Amino acid sequence: MRDLGRKSLAQLENLCKQLYETTDTTTRLQAEKALVEFTNSPDCLSKCQLLLERGSSSYSQLLAATCLTKLVSRTNNPLPLEQRVDIRNYVLNYLATRPKLATFVTQALIQLYARITKLGWFDCQKDDYVFRNAITDVTRFLQDSVEYCIIGVTILSQLTNEINQVSATAFFIEADTTHPLTKHRKIASSFRDSSLFDIFTLSCNLLKQASGKNLNLNDESQHGLLMQLLKLTHNCLNFDFIGTSTDESSDDLCTVQIPTSWRSAFLDSSTLQLFFDLYHSIPPSFSPLVLSCLVQIASVRRSLFNNAERAKFLSHLVDGVKRILENPQSLSDPNNYHEFCRLLARLKSNYQLGELVKVENYPEVIRLIANFTVTSLQHWEFAPNSVHYLLSLWQRLAASVPYVKATEPHMLETYTPEVTKAYITSRLESVHIILRDGLEDPLEDTGLVQQQLDQLSTIGRCEYEKTCALLVQLFDQSAQSYQELLQSASASPMDIAVQEGRLTWLVYIIGAVIGGRVSFASTDEQDAMDGELVCRVLQLMNLTDSRLAQAGNEKLELAMLSFFEQFRKIYIGDQVQKSSKLYRRLSEVLGLNDETMVLSVFIGKIITNLKYWGRCEPITSKTLQLLNDLSIGYPFLSQFLSVRKLVKLSAVQFMLNNHTSEHFSFLGINNQSNLTDMRCRTTFYTALGRLLMVDLGEDEDQYEQFMLPLTAAFEAVAQMFSTNTFNEQEAKRTLVGLVRDLRGIAFAFNAKTSFMMLFEWIYPSYMPILQRAIELWYHDPACTTPVLKLMAELVHNRSQRLQFDVSSPNGILLFRETSKMITMYGNRILTLGEVPKDQVYALKLKGISICFSMLKAALSGSYVNLGVFRLYGDDALDNALQTFIKLLLSIPHSDLLDYPKLSQSYYSLLEVLTQDHMNFIASLEPHVIMYILSSISEGLTALDTMVCTGCCSCLDHIVTYLFKQLSRSTKKRTTPLNQESDRFLHIMQQHPEMIQQMLSTVLNIIIFEDCRNQWSMSRPLLGLILLNEKYFSDLRNSIVNSQPPEKQQAMHLCFENLMEGIERNLLTKNRDRFTQNLSAFRREVNDSMKNSTYGVNSNDMMS
C-alpha cells in the first residue's frame, strides 16, 4: 500500500475533484472512466484505506467510502469475513476520531457500515454473530457530545432503513442466481426479532430525555440530534414487519403490523403522549416528522389490543388530535398540514365509527374536525394534495352510517352536509380567481378531480335532500346567468368562461352524486331528486349543443361525458328502474317517456360530439368509450335488451350505414395528425361491430354493405402498392386507419357466423397487402404494431369462433399466413442492429411481444392439426418456431422481466410450447435450452403472479417430460428413445445445477415467502424432487441443521410428513397427494418459524 506514492494519491484526488466539480462534460466523463478503472483494480481496497487516511479532499474520502461499499456488496469473489470485520471496525473508529468530516462523507461511511452489517447479518465468528452488535457499536457515540450522539443515532437510523429496503438488497445481489427477496426477508425478520424493538425503545428514551430538558432551539447541533432521533423513530415504525412491501401510494389503507412483543410500548400511554407533547414543544419545521410518527402509531393493527385496551388507546389518540385542533397555529405549515390530514384519515381507516362515537369527547372532536375540513376546503389553493385525506375520512364516516350500532349519536347528519357544501361552493368560487389570475386549473387534472368526485359521491349521499337542494339552487343560478350572458350582445368572454367553469364543476358533481346511489338504500324520493338533477344537465346540454357550430367548451363537454357515464351505470339497463321516479320526472319535464327515448339522447349526444369534436382527442375517445359501454350486451340480460332497443334507433342505423369521414371527421386522414392518434378508431368499430351483430345473423348482403368503406380503403392501398411511385405517408395513414378499424370489428365478432364472413372477406383477397406492409415498413412501429395486432386478433379463437368445416383447409391456410407474417417481421426486425435502450421496447420488443402472442394464439387455437405440416413437408410450423427462437435469443434475460407485456406474452407462449411441443424444445441447441431454463428460473421469482404461475406450468411440463424419458430409458424396450429425447436427457445430465437451483428456488418460496400460487408451485416440485433425490436430501439436511437445536426435530418431522405416502411416479393421484402434503408442510413450517429468531447460514440453500 505504501508503494502508492504521493503523486498517485494526488492524481486520484484531482480526478475526484474533476468528477464532482467540473462543468465540462468531456472532462467529467474522462474522470468518471478513470475512476471506474480504479474501482475495478485489484489493489482498490488498500488504495481506499490510504485515501481515507491521507486524503486532503472530502471528495477523495467520498470516493473511498463508495468504493468500499461496492467491494463489500459484490457476490462474485466476496471479501473474507475477517476483512469485512476489520473494515467495519475501521469505519467506526474513523467516525469516532474525525468529528468534522463533511456531511456527505459521514453519510457515505454510515451507509458502508449499514451495508456490511446487513450482508453479514448471519455470519458467525467463533459462534458469535459478529455483525449484530449495532447498539453496542454506537453506545460510545451516544455517551459523548451532541455531535457524536448525532452520528450514533444516524448509524442506527441508516441501518434500520437499509435492512428495510428491498431495493438495496436487489442492488447488492447483482449476480446472485437465487431469489434476493428471500434473503432480504430472512435478514429483515431476524433484525426485527432481535434488535428493532431495542432500537425503538432507545430512540423513545432519548426523545424523552431531549423533551425533558429545556431544548435550546437556537443550538443547531441540538436541532440536528432531534431531527435524527425523529427519523430513527419513524424508520422503526415504518419497518416492513411482515414482508408485505406495501405500495406507499396506497398508504391511507395501511395497517402497521407491530409485533406482539411491542405491546407494552403501545399500552403505555406515555409513548403516545410523548409525540403529542413533542409536537407542541418543538419548532414547526420538525413537526411533520412527529406527525408522521403519530400516523404510524395510529395505524397499529387492531389485534394488538383487546377491546378495552383499544378504546383506551383511541381515547388518548383522539385527545391528542383535539389538542392539535384547538391550537392549530403550526398547521399553517403545508408539511404539517399534510401529515395532520393523513393522521385524521387514519382515525377512520383503522377504527370503526361505533368505537369513535364512544370516545368521551367525540361530539367536540367531530365538530372541530368538521370545522377544520370546511376551512381547509374553503382555502382550496392551500395544500390541494392534502384534501384527498380529509375527503377519505368523511367518505368512510358517511359509508359507515347505515352500519353503526352504537347508541351514542354520531352527529354526521349535522356535519356531513356542511362538508359537502364547503366542497361544492369552494370549487365554484375558485373558478373566477383561477381565470382572473391565470392559475393552474384543477379541472385539467382529470385524475385528481375523479378521485375527489368518487369520495364526494358517498359524502353527498348522506343527507341527500340537502345536497340536492344545494345543487339545484347553484345550478339554476349559474344556468340562468349563463343563458342571459349568451343572449347579451355586450357580455364579456371572461364572464361567459366563469359561468362555463362553474357549470363544469356542477355537472361533474351531479354525475358523481348520481353515481353514488346505492340501490338497496335508495328511496323513491331520492330517485325523484336524481330526476331533477338529470333534467337540468340535459337542458344545459341542449343549450350548449345548439351553440357548437359557433363555439364550445372542452372541459364542460368532458364533464357532460362523465355525467352520462354515471347516469348509464345507474339507470340504464337495470330492469328494476323502469318504474323509477327519475323516468317519471324526465317524462314530465323533457318528454322522455321511456328508456328508448333516453337512449336516443345518449346516441344523439355521441353523434353530435363526433361531428363537432372529431379533432379533439380527449372528447372523441371518451365519447367512443361511452358508445362502447352502451354496445356491450352482457353479462346482464337487461343490458342486452337495452342494446336491442339501441339498434332500433334511427341514429344508430345511420352510424351503421354511414361510418365514413364525411360524417365522422375523426375517421379522415389528416396529414397533421400522428399515426398513433388513430387508436380511437378501434373502439368505434368495436362498438359498431357489436351493434351490427345484434340483427346480422347470416345476412351477407348487410355485412357487405357495412364493409363497403373498408373495402374501398383496401382497394385504394392495393392500387398504391401496385405502382412503383406512391405517396408513402398517405398509404401508411390509409392502411393504419384500416387495420385499426378491422381489429375493432374482429374483436366484436365473437360468433362463428359473423367471424367467418370477416375471414372470407379478408382472406385471400387482402392478406397479401398486410404482408406487403410488414415487408415495407418493418422498421416503423407506428405501422407494424396495428398490423401485427390485427393478425393476432384474427388468429385468436375467442368464444370458439374459428370453427372451420371438416372439408375446409382454412385453418391450415390461416396458420400459414400467420407463420409467414411472423417469419417476415422477425427476420427483418433482427436486421435493425443496435437499438438505443430507451427506444428498444417501442422499436423492437413491442412487435416481438405481439408476434409471441400471435403464435401462442395460433398454436393453442385448436383449429388446425399442427402435425400435418411436418407430415406433408410444409415448413410453416418450423419457420414460425425457428423465428421465435431467433427473436428470443436477441432479447437479454433482464428485458424479458423488465417489460410486463413482453413477459406475459413470452411465458404464455412458452407454456404452450412445453405442453404440446416438447419434442421441439428437446431438439434445440444446448445454449438455447439453457437460455429457456434460465428464463423459467428467473420467472419463478417474478412479482407478476401470472408470470410466476406460467413458469411453474412450463417447469412442470419439462420435468414431467424428463421424468418420462428417464423412466423409459431404464426400461427394456424394443423402441429406443428418439434422438431429440436422448440429446435433451444428455444436456440435463451435463447441467444438473439448473434443475437443482430451481428446486431450491421453489422450496425457498414455499417455506420463506408469501406464496400466492402454492398449488402451481406444488406441481413441478414433486418432479424436481424425484429427479434430484440426493440433492433434495442434502437441501433438507441443510435447512434442518440451520434451525436452533430445539426446533431441528420438528423441522425434520415436517420433511418426513411431506413425502409420506408419495410414490416414485408423476401420476395425477400421486401429484394430488403431494399437493395436500405440501399445504400441511407449509403450515407446520410457518408455525415452527413464527417465534424463531434463527437465521440460515450463508452456506445453506440460499448460497
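Look above for the structure.
Computed from a predicted structure; not experimentally measured. Per chain, the residues get numbers from 1 upward, laid out in the order the sequence is written. Local features in this predicted model are restricted to residues of pLDDT 70 or higher, and side-chain atom pairs are both shown and tallied only at a pLDDT of 80 or more, whereas totals for entire chains, interfaces and linings draw on every residue. To obtain the side-chain values, all non-hydrogen atoms of the structure were used and water was disregarded.

On to the overall build of the protein, then. What the protein contains, in helices and strands, is 51 helices and 0 strands. Whereas a compact globule of 1103 residues would reach a radius of gyration of roughly 32 Å, the protein reaches 35 Å, a difference of no more than 12%. Expressed along its principal axes, the backbone C-alpha trace of the protein runs to roughly 90 × 90 × 70 Å. By residue count, 55% of the 1103 residues in the protein fall in the buried class. Taking all contacts inside the protein whose residues are at least 6 apart in sequence as the whole, residues at least 24 apart take part in 77%. Here the accessible surface of atoms and residues is derived via Shrake-Rupley with a 1.4 Å probe, and residues count as covered only by protein chains that are part of the display. Counting every atom, the protein has about 48400 Å² of accessible surface; 49% of that belongs to carbon and sulfur. In summary, the charge assignment counts Lys and Arg as positive and Asp and Glu as negative, without counting His or the chain termini. Think of each charge as sitting on NZ of Lys, CZ of Arg, CG of Asp or CD of Glu. The distance from the centre of the 103 positive side-chain charges to the centre of the 116 negative ones in the protein is 4 Å. By definition, any uninterrupted DSSP run of H or I lasting at least four residues is a helix, any uninterrupted run of E lasting at least two residues is a strand, and each is numbered from the N terminus. Taken over C-alpha atoms, the radius of gyration is set against a globule rule of 2.2 Å times the number of residues to the power 0.38. Exposure is judged per residue with a 1.4 Å probe applied to protein chains only, and the accessible area is read against the type maximum: over 50% gives exposed, under 20% gives buried, and values in between give partly exposed. Throughout, a residue-residue contact means that at least one pair of heavy atoms, one from each residue, lies within 4.5 Å.

Once that is clear, we can look at the environment of Lys322. Here Lys322 lies in helix α15 (residues 307-326). Each C-alpha atom of the pair Lys322 and Ser631 lies 53 Å from the other, and the pair is 309 residues apart in sequence. If we skip the residues at most four places from it in the chain, Lys322 touches Asn361, Glu364, Val365 and Leu368.

Looking at where Arg517 falls in the secondary structure, it is placed in the loop between α23 (493-515) and α24 (524-546). The exposure class of Arg517 is buried, given its relative accessible area of 10%.

Let us look at the pattern of salt bridges. In what follows, salt bridge is the name for a side-chain nitrogen of Lys or Arg lying within 4 Å of a carboxyl oxygen of Asp or Glu. Following the criterion strictly, the structure yields 42 salt bridges and no others. Between Lys555 and Glu444 there is a salt bridge whose closest N-O contact spans 3.4 Å. Here the residue Lys555 occupies a position in helix α25 (residues 554-571), and Glu444 occupies one in the loop between α20 (412-437) and α21 (446-461), the gap between them amounting to 111 residues. Of the residues examined, Lys555 reaches a relative accessible area of 27% and is grouped as partly exposed. By relative accessible area, Glu444 is classed as exposed at 55%. Between Glu532 and Arg585 there is a salt bridge, with the nearest N and O atoms lying 2.6 Å from each other. One end of the pair, Glu532, is in helix α24; the other, Arg585, is in helix α26 (residues 581-590), and 53 residues separate them in sequence. Its relative accessible area of 25% is what places Glu532 among the partly exposed residues. One salt-bridge network, held together by shared partners, links Asp476, Glu532, Arg536, Arg585 and Glu588.

Turning next to the nonpolar core. Remark: nonpolar core denotes a set of buried residues (Ala, Val, Leu, Ile, Met, Phe, Trp, Tyr, Cys) joined through side-chain atoms within 4.5 Å. In this structure, Phe266, Trp394, Phe684, Leu758 and Ile762 are the most contacted members of the largest nonpolar core, which totals 368 residues. With 12 residues, α23 is the largest single contributor of residues to this core. If sequence neighbours within four positions are ignored, Phe684 has contacts with Leu610, Leu624, Leu627, Met655, His659, Phe664, Phe666 and Leu667.

As a further point, take the packing of helix α5 (residues 81-97) against helix α8 (residues 146-164). Axis lines are fitted to C-alpha atoms, over the contacting stretch for helices. Their N-to-C directions set the angle, which ranges from 0 to 180 degrees. In the contact formed by α5 and α8, the axes pass within 10 Å of each other and the chain directions differ by 150°. The angle between the axes of α5 and α8 places the two elements in the roughly antiparallel class. Residue-level contacts link Leu92, Leu95, Ala96 and Thr97 of α5 to Tyr148, Ile151 and Ile155 of α8. Amino acid classes used here: Ala, Val, Leu, Ile, Met, Phe, Trp, Tyr, Cys and Pro are nonpolar; Asp, Glu, Lys and Arg are charged; the rest, including Gly, are polar. In terms of residue class, the contact of α5 with α8 is made up of 6 nonpolar, 1 polar and no charged. Roughly parallel here means an angle under 35 degrees, roughly antiparallel means over 145, roughly perpendicular means 65 to 115, and every remaining angle is called oblique.

Let's shift gears to a negative patch on the surface. Together, Glu698, Asp699, Glu700, Asp701, Glu704 and Glu760 give the surface a local cluster of negative charge. Per-element accounting of the negative patch gives the leading share, 3 residues, to helix α32 (residues 700-721). Note that Glu760 resides in helix α34 (residues 752-762). Grouping into patches uses exposed residues only, defined as over 30% relative accessible area, and leaves out salt-bridged ones; the cut-off is 9 Å for like charges and 5 Å for nonpolar side chains (Val, Leu, Ile, Met, Phe, Trp, Tyr).

What follows concerns unusual backbone geometry. For the bond from Tyr763 to Pro764, the omega torsion is 5°, close enough to zero to count as cis. Inspection of the secondary structure assignment puts Pro764 in the loop between α34 and α35 (767-777). Here the phi dihedral of Ser799 falls at roughly 55°; this positive angle occurs in a residue that is not glycine. Here Ser799 lies in the loop between α36 (781-794) and α37 (810-829).

When two rings of Phe, Tyr or Trp (its six-membered ring) have centres within 6.5 Å they constitute a pair, described as stacked for plane angles under 30 degrees, edge-to-face for angles over 60, and tilted for the intermediate range. This model, assessed by the stated rule, comprises 40 aromatic pairs. Look at Phe884 and Tyr906: their rings are 6.5 Å apart centre to centre, the planes differ by 25°, and that puts the pair in the stacked class. Of this pair, Phe884 sits in helix α40 (residues 876-889) while Tyr906 sits in helix α42 (residues 900-916), and the two are 22 residues apart along the sequence. Given the relative accessible area of 0%, Tyr906 is considered buried. An aromatic cluster is present here, built from Trp121, Phe191, Phe197, Phe200, Phe239, Phe241, Trp262 and Phe266 joined pairwise through their rings. Its end group placed over the ring of Tyr129, Arg132 keeps NZ or CZ at 3.8 Å from the ring centre. Remark: a charge is flagged as sitting over a ring if the NZ atom of Lys or the CZ atom of Arg is within 6 Å of the ring centre and within 35 degrees of the ring normal. One residue, Arg461, lies across the ring of Tyr464, its end atom 3.8 Å from the ring centre.

A separate point is helix α49 (residues 1029-1041). Two residues of an α-helix separated by three or four positions point the same way, owing to the 3.6 residues in each turn. Expected helix span is computed as 1.5 Å times (number of residues minus one). Helix length check: α49, at 13 residues, gives a terminal C-alpha distance of 18 Å against a target of 18 Å (1.5 Å per residue), a fit within 8%. Listed as buried for α49 are Phe1032, Leu1035, Arg1036, Ile1039 and Val1040. All buried residues of α49 lie within an arc of 130° about the axis, which places them on one face of the element. Within α49, the exposed residues directed more than 90 degrees away from the buried face are Lys1030 and Asn1041. Buried residues along α49 sit against α47 (992-1008), α48 (1014-1027) and α50 (1045-1058). Picture the helix axis, draw a direction to every C-beta atom, and the arc is the one those directions span.

If you add up the space inside the second largest pocket, you get close to 1000 Å³. Listed by contribution, the elements that provide at least two residues to the lining of the second largest pocket are α33 (728-748), α36, α38 (840-859), α42 and α45 (945-970). Counting residues per element, the lining of the second largest pocket draws most heavily on α38, at 9 residues. Split into classes, the residues belonging to the lining of the second largest pocket amount to 13 nonpolar, 13 polar and 10 charged. Think of a 1 Å grid over just the protein atoms. A cavity is a set of points where a 1.4 Å probe fits yet cannot get out, a pocket is an open set with protein on both sides within 12 Å along at least five of seven lines, and lining residues have an atom within 4 Å of a point. Grid points are joined across faces, edges and corners, and a volume is the space filled by probe spheres set on the points.

We now examine the packing of α36 against α38. Running from N to C, α36 and α38 cross one another at 10°; their axes reach a closest spacing of 9 Å. Considered as vectors, α36 and α38 are oriented roughly parallel to each other. Here α36 contributes Pro781, Thr785, Leu788, Lys789, Met791 and Ala792 to the contact with α38, which in turn contributes Ala842, Leu843, Lys846, Gly847, Ile850, Cys851 and Met854. Residues of the contact of α36 with α38, tallied by class, amount to 9 nonpolar, 2 polar and 2 charged.

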